[in-house]
Amino acid sequence: MDGDDPRAVLERLIHERGEDCASLSRLIGRNPSYVQQFIKRGSPRRLAEEDRRRLARYFGVPETWLGASVAAPRPAVTLVTVPVFDTAASAGPGAVGEDRLSAAGIGFSEAWLRQLRPRGGRDGLSLIRVTGESMLPTLNDGDEILVDERDAGERLRDGVYVLRVDGALMVKRLMRDGDGFAVRSDNPEAGPVDLAGEVEVIGRVLWTGRRL
């Protein structure tokens, strides 16, 4: 009966169940003529929310039969699966890895990813595990970090990045220093960063998640 006139629906229910308008009016705490006036005169134009709820419960019918709005369906959430690398990015002396993809991937909301990177999509995104404590308190040992490989090169700016130094992956903070960048650890107790060898910026860290 969804979509039918609620007054006609209520009148039909009263007739089919052998009820009377005055009794139903008293049931919902109204004057004896309330239900009849609603059905015959359209006064009130709509049943009050509590009146509608009580009548629907009494007759065992959906509230929409008596004029409740149908809730709009929630839009479907589109998930983007981001690949996970078996290797780790060290927040310590450096982890050597072969950038091997694991069989797993983690789904992120496409709308949420677009907030992190307006271009959206998963191209160039990956998840890497952090090892070591030199980036405390920003990153903990065992954290998962979301890395954007498209956010590097000419786009380089202050922030936390994954670097490859002579094949070893590490996660550090880059800070503009004159015409170049200085590489720092967030943990004040960590020693200086050894950048001897070829340095490659892999990508910017957009987000971190951790187990409780």
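About the cut-offs
Residue numbers restart at each chain and count upward from 1, following the sequence in its written direction. At least 70 in pLDDT is required for a residue's local features to be given in this predicted model, at least 80 for side-chain atom pairs to be given and counted, and no such filter applies to totals for whole chains, interfaces and linings, which use all residues. Computation of side-chain values: all heavy atoms of the structure, hydrogens and water removed. In this analysis an axis means a line fitted to C-alpha atoms, helices contributing only their contacting stretch, and an angle means the value between N-to-C directions, from 0 to 180 degrees. A run of H or I in DSSP counts as a helix once it spans at least four residues, and a run of E counts as a strand once it spans at least two, with each numbered from the N terminus. An angle below 35 degrees is read as roughly parallel, one above 145 as roughly antiparallel, one from 65 to 115 as roughly perpendicular, and any other as oblique. Put simply, a crossing is left-handed when the front helix is turned counterclockwise from the back one by less than a right angle, and right-handed when it is turned clockwise. Contact definition: two residues touch when any of their heavy atoms are within 4.5 Å. For every residue, the predictor states its confidence as a pLDDT score lying anywhere from 0 to 100. Buried, partly exposed and exposed residues are distinguished by accessible area as a fraction of the type maximum, computed with a 1.4 Å probe on protein chains only: under 20%, between the cut-offs, and over 50%, respectively. Between any two strands, at least two bridges found by DSSP are needed for them to pair. Note: the arc covers the axis-to-C-beta directions of the helix. Salt bridge criterion: a side-chain nitrogen from Lys or Arg within 4 Å of a carboxyl oxygen from Asp or Glu. In this text, buried Ala, Val, Leu, Ile, Met, Phe, Trp, Tyr and Cys residues form a nonpolar core when linked through side-chain atoms within 4.5 Å.

## Some remarks on the packing of helix α1 (residues 6-17) against helix α3 (residues 34-41)
Across the interface, α1 lies against α3 with an axial gap of 8 Å and an inter-helix angle of 125°. What the angle tells us is that α1 and α3 run oblique. The two elements α1 and α3 meet at a crossing, and its hand is left-handed. Each of Pro 6, Arg 7, Leu 10, Glu 11 and Ile 14 in α1 lies in contact with α3, whose residues at this interface are Val 35, Phe 38, Ile 39, Lys 40 and Arg 41.

## Focus: the confidence of the model for the chain
Summing up the model confidence of the chain, the mean pLDDT is 85 and the portion of residues at 70 or higher is 90%. Note that residues 93-98 has pLDDT below 50 and, in this model, 16 contacts with residues that lie over four places away or in other chains.

## A few points about the environment of Met 175
With respect to the helices and strands, Met 175 occurs in strand β7 (residues 168-177). Sequence spacing of Met 175 and Val 160 is 15 residues, and the spatial spacing of their C-alpha atoms is 8.9 Å. Setting aside residues no more than four positions away along its own chain, Met 175 makes contact with Asp 158, Gly 180, Phe 181, Ala 182 and Arg 184.

## Quick word on the environment of Leu 163
Of note, Leu 163 is situated in strand β6 (residues 159-165). Taking relative accessible area as the criterion, Leu 163 reaches 1% and is therefore assigned buried. Remark: the alpha-carbon pair of Leu 163 and Gly 203, spanning 40 residues in sequence, is separated by 7.4 Å. In this view, Leu 163 contacts Ala 168, Leu 169, Met 170, Lys 172, Leu 174, Val 183, Glu 200, Val 201 and Ile 202; residues no more than four positions away in its chain are not counted.

## Things to note about the pairing of β7
Sheet analysis places β6 next to β7, joined by seven bridges and oriented antiparallel. Looking at β7, one finds that Val 162 is bridged to Val 171. Hairpin connection of β6 to β7: two residues between the antiparallel strands, including Asp 166 at a positive phi of 50°. As defined by bridge partners, β7 adjoins strand β8 (residues 180-184) across five bridges and the pair is classed as antiparallel. By the bridge assignment for β8, Asp 177 is matched with Gly 180.

## Some points on helix α4 (residues 49-59)
Within the span of α4, buried status applies to Asp 51, Arg 52, Leu 55, Ala 56 and Phe 59. Burial along α4 is one-sided: seen end-on, the buried residues are contained in an arc of 125°. Looking one or two places after α4, you find Gly 60, whose phi comes out positive at around 70°.

## Digging into the pattern of salt bridges
A pair can form between side chains of opposite charge whenever their charged atoms are brought close. Across all of its chains, the model carries 17 salt bridges by this definition. For Glu 49, the salt bridge identified is with Arg 53, shortest N-O distance 2.9 Å. Here Glu 49 pairs with Arg 53, and both are found in helix α4, just four residues apart, close to one helical turn. For Asp 151, the salt bridge is made with Arg 157, and the minimal N-O distance between the two is 2.7 Å. Accessibility expressed as a relative area gives 32% for Arg 157, which makes it partly exposed. Residues joined in a network through salt bridges with shared partners are Glu 49, Glu 50, Arg 52, Arg 53, Arg 54 and Glu 63.

## Points about the nonpolar core
By size, the foremost hydrophobic cluster in this structure holds 16 residues, and its most contacted members are Leu 10, Ile 14, Val 35, Leu 55, Phe 59 and Leu 66. For this core, the elements supplying multiple residues, two or more each, are α1, α3 and α4. Residues in contact with Ile 14, not counting those within four places in the same chain, are Glu 19, Asp 20, Cys 21, Leu 24, Val 35, Ile 39 and Phe 59. Counting residues in hydrophobic clusters, the runner-up holds 14 residues, among them Leu 139, Val 160, Leu 169 and Val 171.

## Some points on the side chain of Ser 126
Position of Ser 126 among the secondary structure elements: in strand β4 (residues 125-131). Those residues within four positions of Ser 126 in sequence are excluded, and the remaining contacts are Val 82, Pro 83, Phe 85, Ile 145, Leu 146, Val 147 and Glu 149.

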